[in-house]
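Here's the letter readout for the chains.
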Amino acid sequence: MFSFKERSKMMEKLSNDSFDLVIIGGGITGAGVALQAAASGLSVALLEMQDFAEGTSSRSTKLVHGGIRYLKTFDVEVVSDTVSERAIIQGIAPHIPKADPMILPIYDEPGSTFNMFSVKVAMDLYDQLANVTGKYANYVLSKEEILEREPQLAAQGLLGGGVYLDYRNNDARLVIENIKRAVEDGAIAVSRIKVEEILHDDQGKVSGVKVKDLLSEESFSIDSQLVINTAGPWSDIVKKLDKKIDHKPHMRPTKGVHLVVDGEKLKVPQPTYFDTGEQDGRMIFVIPRESKTYFGTTDTDYQGDFDHPTVEQADVDYLLKVVNHRYPEVDLTIDDIEASWAGLRPLISDASGDYNGTKKEKISDENFEKIIQAANDYKNGKQSRPAVEKTITQAAKEEPKDNPSAVSRGSDLTVAEDGLLILSGGKLTDYRLMSAEAMKKIASILDRDVELVDSKHYAVSGGKLDPANVESELEKIAKKGQEIGLNQADANFIAELYGSNAEKVFDLKDQGSFDGLSLAESMSLRYAMEAEMTLTPVDYLLRRTNYMLFISHRLMEIKDAVVEAMAKFLDWDDHLKEQYQKELDQQIRETQLTDLKEQQKK
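Keep in mind that this is a model prediction, so the values were computed, not measured.

Cut-offs and rules
Residues numbered from 1 in each chain as written. Predicted model: local features only at pLDDT ≥ 70, side-chain atom pairs only at ≥ 80, totals over all residues. Heavy atoms only, no water. Helix = DSSP H or I, 4+ residues; strand = E, 2+ residues; numbered from the N terminus. Rg over C-alpha atoms; globule rule 2.2 N^0.38 Å. Buried < 20%, exposed > 50% of the residue type's maximum accessible area, 1.4 Å probe, protein only. Contact = heavy atoms within 4.5 Å. Lys, Arg positive; Asp, Glu negative; His and termini not counted. Charge placed at Lys NZ, Arg CZ, Asp CG, Glu CD. Salt bridge = Lys/Arg side-chain N within 4 Å of Asp/Glu carboxyl O. Expected span 1.5 Å × (residues − 1). 1 Å grid on protein atoms, 1.4 Å probe; cavity = no way out; pocket = protein on both sides within 12 Å on 5 of 7 lines; lining within 4 Å. Points joined across faces, edges and corners; volume = space filled by probe spheres on them. Core = buried A, V, L, I, M, F, W, Y, C linked by side-chain atoms within 4.5 Å. Axes fitted to C-alpha atoms, helices over the stretch in contact; angles between N-to-C directions. Parallel < 35°, antiparallel > 145°, perpendicular 65-115°, else oblique. Nonpolar A, V, L, I, M, F, W, Y, C, P; charged D, E, K, R; others polar. Bend = angle between axes of the 7 residues up to and from the residue. Pairing = 2+ DSSP bridges. Phe/Tyr/Trp six-rings, centres within 6.5 Å; stacked < 30°, edge-to-face > 60°. Lys NZ or Arg CZ within 6 Å of the ring centre and 35° of its normal.

**Description of the overall build of the protein**
Consideration 1: Helix and strand counts for the protein come out as 20 helices and 20 strands.
Consideration 2: Compactness check: the protein gives a C-alpha radius of gyration of 24 Å against a globular reference of 25 Å for 602 residues, within 12% of the reference.
Consideration 3: Viewed in the frame of its principal axes, the protein has a C-alpha envelope of about 65 × 60 × 55 Å.
Consideration 4: Counting every position in the protein, which comprises 602 residues, the buried fraction comes to 60%.
Consideration 5: Put simply, 73% of the contacts in the protein that link residues at least 6 apart link residues at least 24 apart.
Consideration 6: Averaging the locations of the 73 positively and 101 negatively charged side chains of the protein gives two centres separated by 2 Å.

What follows is the structure in structure tokens.
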């Protein structure tokens, strides 16, 4: 099992064994590399200074996003790669991404990303790149049809809109399922362990790392033939631990904020994506989840505490202004916010930004006409896809190089002069592809044959389902939960959350319920502690599940019971129990913006 009770054995292996690969950073990139490396037969150690996915990888917009906005800036290769990867993720983690078509309302206002003509061209090209047909093919809605679907939307200036396929995601679950599969294949994965120094051999080549166990305060060294830095926004900080390489900054982290309100207050039937109306080049998502609605994101340069980015009053003011402008009768205030999160994007400093952008210039009419003609020719069978891509790429090259709308979320893989591998940038959707490229480099460096796993078809933990029939397979799994006495809602919740591992959760029924928790909640918590290296109440309530974000009403009823149950299971003393209780209460205050709300009332 993957539990705290095995952690001491893992620490022994880390200090005594020699590894092929040490991975620094337990977010989605490190998790992806760990899965592929372990599946390819390498001895792997994954090291994370916080909880797995605690940084960027649990703080995204929670979509496996296709990036339709890139098509306005001719970045067809990015969209093609992104939608191809999205399909692969749906195949290897079929219980996590769920199809959820997106509404894109179009307003007649300066600086709009799309008009009614260009959005149809973009959606058609998007569907062609993604091979989307049938019930998920895009379509256009009139103004009246948009308002019938979303009556709270502002009618003034609304022209109509489009609907295209996108996927919702559970970002933190995707990380832990990758890590669990890596552990099943022999990897050692440890959280709350901080790398303090990159070590070198007599020839000045990387030979391992010096680490500190943040739970025991003990420091020791780990020997490894290769070390890869997958620390995301922390990438430059980790580089500074290597005294033999250049420390020129490579990253430009930006902060993104999301806010959650009750679904009855802001009613949206499906994800919605629109320009802010502020003529700042940004677009905002409004997304239903559980019985809640969340919206974001901001995109501001960040130089604060990387370990603990927070939601500030300016972030709240901006998002409320935009959403209240688009939904004028809703009149949201800070008191309506039930939860929130802030995260950092690992942007590379020489890239222009991400799909959310910050500025936008108008593309020349001539080049836009070339795109439209190419797309129509492709649709009518007059041009091949490579010919269309060539036309689009050439048109993009003719645009001014300083065009700030040429946004990208590019990744970068470099090998420093001492052998340290650095994998940075990228989007969550691209994590498998980034990891696969890193594995090619790793295999070429190691002095033996390495048979790389076919990661396009290698399922994560919980992913042993038929991707073409996910819904029916999850229904069958949920019925097994009902057969052991769970109600339909609880059985569905566990099936959706754990996929093919749900049956392992159901097998915990005979161990009974924790005081103050239902049987389903008890099985889920017990599984999280036994099989998902859940060490604290915040780990469980914020990242292994979404109680803190989208089930806040139940969160307040069970939070103390979760602390009690974990204290007994993990044998905490009174001091440790009090510490974790305070940590949980503080995280809830922060998530619910309690301090900001109190300041406004003064």
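Back to the write-up after that little detour.
**Points about the pattern of salt bridges**
Consideration 1: Under the definition given, this model contains 42 salt bridges.
Consideration 2: Across the salt bridge formed by lysine 120 and aspartate 124, the nearest N and O atoms sit 3.2 Å from each other. Of the two residues, lysine 120 and aspartate 124 both sit in helix α4 (residues 116-130), four residues apart, roughly one turn of that helix.
Consideration 3: Residue classification places lysine 120 among the partly exposed residues on the basis of a relative accessible area of 26%.
Consideration 4: According to the relative accessible area criterion, aspartate 124 is buried, its value standing at 15%.
Consideration 5: Note that lysine 255 is salt-bridged to glutamate 312, the shortest N-O span being 2.9 Å. On the criterion of sequence distance, the pair formed by lysine 255 in strand β13 (residues 254-262) and glutamate 312 in the loop between β17 (300-301) and α8 (313-326) is long-range, its members being 57 residues apart.
Consideration 6: Members of the salt-bridge network, linked through shared partners, are Asp51, Glu54, Arg192, Asp539, Arg543 and Arg544.

**Notes on helix α2 (residues 28-39)**
Consideration 1: For α2, spanning 12 residues, the distance from its first C-alpha to its last is 16 Å, which sits close to the expected 16 Å at 1.5 Å a residue.
Consideration 2: Among the 12 residues that make up α2, 11 are buried, leaving the element largely enclosed by the rest of the structure.
Consideration 3: The inward-facing, buried residues of α2 abut β1 (18-24), β2 (44-47), α6 (171-184), β20 (421-425) and α11 (431-445).
Consideration 4: Immediately downstream of α2, the backbone of glycine 41 shows phi near 90°, a positive value.

**Comments concerning empty space enclosed by the protein**
Once rolled over the atoms, a probe with the size of a water molecule shows which space is left empty.
Consideration 1: For the structure on display, the rule yields five cavities of 30 Å³ or more.
Consideration 2: The space that makes up the largest cavity amounts to roughly 60 Å³.
Consideration 3: Lining the largest cavity, in full, are Glu109, Pro110, Gly111, Ser112, Asp275, Thr276, Gly277, Glu278, Gln279, Asp280, Gly281 and Arg282.

**A few points about the nonpolar core**
Consideration 1: Grouped together as the largest cluster of nonpolar side chains are 135 residues, with contacts concentrated most on Leu14 and Val209.
Consideration 2: When residues of this core are assigned to their parent elements, the largest contribution, nine residues, is made by helix α18 (residues 552-569).
Consideration 3: Residue contacts for leucine 14: discarding those within four places in its chain leaves Phe19, Ala45, Leu47, Ile188, Val190, Ile193, Phe220, Ser221 and Ile222.
Consideration 4: If you look at the next biggest cluster of nonpolar residues, it comprises 32 residues, including Tyr107, Ile146, Val268 and Tyr318.

**A few points about the packing of helix α3 (residues 76-92) against α11**
Consideration 1: In contact at an axis separation of 9 Å, α3 and α11 are set at 90° when each is read in the N-to-C sense. When the axes of α3 and α11 are compared, the pair comes out roughly perpendicular. Each of Glu85, Ile88, Ile89 and Ile92 in α3 lies in contact with α11, whose residues at this interface are Tyr431, Arg432 and Leu433.
Consideration 2: Each residue belonging to the contact of α3 with α11 can be placed in one class, and the counts come to five nonpolar, no polar and two charged.

**Describing α18**
Consideration 1: Here α18 is 18 residues long and its end C-alpha atoms lie 24 Å apart, about the 26 Å a rise of 1.5 Å per residue gives.
Consideration 2: At isoleucine 558, α18 shows its maximal kink, close to 50°.
Consideration 3: Those residues of α18 that sit buried are Ser552, Leu555, Ile558, Lys559, Ala561, Val562, Val563, Ala565, Met566, Ala567 and Phe569.
Consideration 4: In this fold, the buried residues of α18 make contact with β16 (292-296), α15 (519-531), α16 (537-544), α17 (547-550) and α19 (574-591).
Consideration 5: A positive phi of about 60° marks aspartate 571, the residue just after α18.

**Notes on the pairing of strand β11 (residues 206-213)**
The side chains of a regular strand alternate between both faces of the sheet.
Consideration 1: Taken together, the seven bridges between strand β10 (residues 193-200) and β11 define a ladder with antiparallel strand orientation. Note on β11: the bridge partner recorded for isoleucine 193 is aspartate 213.
Consideration 2: Between β10 and the antiparallel strand that follows it, β11, lie five residues; glycine 204 among them carries a positive phi value of about 80°.
Consideration 3: Where β11 and strand β12 (residues 219-229) come together, five bridges link them in antiparallel fashion. Across the sheet, residue glycine 208 finds its bridge partner in β12, namely aspartate 223.

**Considerations on the sheet that holds strand β3 (residues 63-64)**
Consideration 1: Pairing is antiparallel in the open sheet, where three strands are placed in the order β3-β8-β4. With one partner strand each, in any of the chains shown, β3 and β4 (98-99) form the two edges of the open sheet.
Consideration 2: In this sheet, strand β8 (residues 167-168) lies alongside β4 in antiparallel orientation, the contact comprising two bridges. By the bridge assignment for β8, lysine 98 is matched with arginine 168.

**A short note on unusual backbone geometry**
Consideration 1: Omega for the bond connecting glycine 296 with threonine 297 falls within 30 degrees of zero, at 25°, which places this linkage in the cis form.
Consideration 2: Tracing the chain through its elements places threonine 297 in the loop between β16 and β17.
Consideration 3: Of note in this structure, asparagine 131 is not a glycine but carries a positive phi near 55°.
Consideration 4: Relative to the assigned elements, asparagine 131 resides in the loop between α4 and β6 (139-142).

**Describing the environment of leucine 519**
Consideration 1: Inspection of the secondary structure puts leucine 519 in helix α15.
Consideration 2: When sequence neighbours within four positions are dropped, the list of residues in contact with leucine 519 reads Leu486, Lys509, Gly512 and Ser513.

**Structural notes on the side chain of glutamate 530**
Consideration 1: Considering the arrangement of structural elements, one finds glutamate 530 in helix α15.
Consideration 2: Nearest to the buried, unbridged glutamate 530 among oppositely charged side chains is arginine 526, at 4.7 Å.

**A closer look at the packing of aromatic side chains**
Ring pairs (aromatic) are described by centroid distance and by the angle formed between their planes.
Consideration 1: Here the structure, examined in full by the defined rule, presents 13 aromatic pairs.
Consideration 2: Each ring, one from tryptophan 341 and one from phenylalanine 550, has its centre 6.0 Å from the other, and the planes form 85°; the classification is edge-to-face. You can see tryptophan 341 sitting in strand β18 (residues 339-345) and its partner phenylalanine 550 sitting in helix α17, a full 209 residues away along the chain.
Consideration 3: Judged by its relative accessible area of 6%, tryptophan 341 is buried.
Consideration 4: Relative accessible area serves as the criterion here: at 1%, phenylalanine 550 is assigned to the buried category.
Consideration 5: Considering the side-chain rings of phenylalanine 493 and tyrosine 547, the 6.4 Å spacing of their centres and the 55° angle between planes classify their relative orientation as tilted. Note that phenylalanine 493 is positioned in helix α13 (residues 488-498) and tyrosine 547 in helix α17, a separation of 54 residues in sequence.
Consideration 6: Look at phenylalanine 493 and you get partly exposed, because its relative accessible area is 25%.
Consideration 7: Under the relative-accessibility criterion, tyrosine 547 is labelled buried at 6%.
Consideration 8: One aromatic cluster is present, built from ring pairs that chain together Trp234, Tyr302 and Phe306.
Consideration 9: A cation sits over an aromatic face here: arginine 181 above tyrosine 458, 4.1 Å from the ring centre.

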